[in-house]
Amino acid sequence: MTVRKVLVVFSLTMMAGLLVYLQFTREDRDDPDAGAPPATTSSRPTTTHATVAPEDRIPQQSSGARAAEDAARQGLTVAFTWNPATDGSPSDAYARARPWFTEAFSARTIVDGGPERGPGIQWDQWANQGAKVVADVDLGCSGCPPDSDAVVHRVATISQTTIVGEQTEKVTPDTNVWITLTRNNERWLIDAIRY
């Protein structure tokens, strides 16, 4: 083989090697685990330390938003906890929840007669059994407009459980409502409940 042929073969081999090298390094950049040392087992226990404080993982929330959410939970819990044996309808629970409602929303519920949706015929069955329906409220903020100093919007999932004597049963399905809270003289009040 002539020197010229050796140089051509050498050059082609080097170029091919360079291309392969570049391809692997590009894949390594795309794969975060590439280039990491292989996992090893150790007979000694290891200790790890958290580097992120728990409060750093939870989105910070203003004290106003927390107060609004507390008011929403309290008001919705009262509004959706029913006593069918003694109440005429779910609107009686709405009446008990009026301390957590704005005056305008309270006036609308008096005219509308309470919640838009109710248990229907189930109410009479619960009344005959002497049941109590207890509400548990979970708040979220998916798709809510940004909070302001005067208005907060939340999505609430209301889970209800019937209690008859020692027996409990989950009411299905859960109720989802969109609520608007407004600040009134340093208090947060529910101004709207939409299904």
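Refer to the structure presented above.
Computed from a prediction, not measured in an experiment: that's the story for all the values here. (Residues numbered from 1 in each chain as written. Predicted model: local features only at pLDDT ≥ 70, side-chain atom pairs only at ≥ 80, totals over all residues. Heavy atoms only, no water.)

### Here's the deal with the sheet that holds strand S3 (residues 167–184)
- Spatially, 4 strands are ordered S1-S2-S3-S4 in an open sheet, and the strand pairing comes out antiparallel. What marks the edges here is a single partner per strand, and that holds for strand S1 (132–140) and strand S4 (187–194). Going from strand to strand, the sheet's axes swing by 40° on average, the running direction of each strand aside.
- Bridge count between S1 and strand S2 (residues 151–164): 9 bridges; the pairing is antiparallel. Bridge assignment links Leu139 to a residue of S2, and that residue is Ala156.
- In the packing of helix H3 (residues 63–79) onto the sheet, the strands contacted are S1, S2, S3 and S4, and the crossing angle to S4 comes to about 55°. (Pairing = 2+ DSSP bridges. Helix = DSSP H or I, 4+ residues; strand = E, 2+ residues; numbered from the N terminus. Axes fitted to C-alpha atoms, helices over the stretch in contact; angles between N-to-C directions. Contact = heavy atoms within 4.5 Å.)

### Examining the nonpolar core
- Within the largest apolar cluster, 30 residues are counted, with the highest numbers of intra-cluster contacts made by Leu76, Phe80, Tyr94, Phe101, Ile179 and Ile193.
- For this core, the secondary structure elements donating two or more residues are H3, helix H4 (91–96), helix H6 (122–129), S1, S2, S3 and S4.
- Tallying contributions element by element places H3 first for this core, with 5 residues. (Core = buried A, V, L, I, M, F, W, Y, C linked by side-chain atoms within 4.5 Å. Buried < 20%, exposed > 50% of the residue type's maximum accessible area, 1.4 Å probe, protein only.)

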